[in-house]
Amino acid sequence: MKTPLPLLHSTAYLAAMRYVLISLLALAACATFPDLDDSITDAAREAPYPSLEPLPSEPFLDPATDVSLEDRIAALEARAARLREVEIGALQ
């Protein structure tokens with residue numbers, strides 16, 4: 001005896017989903033979008049394009065940041081050491 005197909009794999013269900021998808025796409029295509037060209041002022045249209053400058057090759061780090069980074073590194077290494085000690089089998 002053949003087992004019935006689940007509802008999600010039936011031909012009628014898949015055909016219905018296709019029609020729903022096509023209907024939603026058609027409905028979205030009928031939407032009107034606001035005209036954004038009128039919202040830009042003349043001053044903004046005539047403004048010069050901003051000049052782009054390259055980023056410095058080395059990031060600026062002050063000594064306070066170096067100390068806090070070293071503290072974070074030490075804390076993360078300590079956490080990693082604690083995690084390595086955990087027995088995975090005991091957690092299940």
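Whatever comes next refers back to the structure up there.
Basis of the calculations
Residues numbered from 1 in each chain as written. Predicted model: local features only at pLDDT ≥ 70, side-chain atom pairs only at ≥ 80, totals over all residues. Heavy atoms only, no water. Helix = DSSP H or I, 4+ residues; strand = E, 2+ residues; numbered from the N terminus. Buried < 20%, exposed > 50% of the residue type's maximum accessible area, 1.4 Å probe, protein only. Areas by Shrake-Rupley, 256 points an atom, 1.4 Å probe, with all protein chains shown as cover. Patch = residues over 30% accessible without salt bridge, like charges linked within 9 Å, V, L, I, M, F, W, Y side chains within 5 Å. Salt bridge = Lys/Arg side-chain N within 4 Å of Asp/Glu carboxyl O.

Caption draft 1: Structural view of the overall build of the chain. Secondary structure assignment for the chain yields 4 helices and 0 strands. Along the chain direction, N to C, the helices and strands of the chain fall in the order α-α-α-α. Sorting the 92 residues of the chain into buried and exposed places 1% on the buried side. Split by element, the accessible area of the chain, about 9400 Å² in all, is 65% carbon and sulfur.

Caption draft 2: Local environment of a nonpolar patch on the surface. A cluster of nonpolar residues, M17, V20, L24 and L27, forms a patch on the protein surface that exposes about 380 Å² of accessible area. Structurally, V20 is set in helix α1 (residues 11-29).

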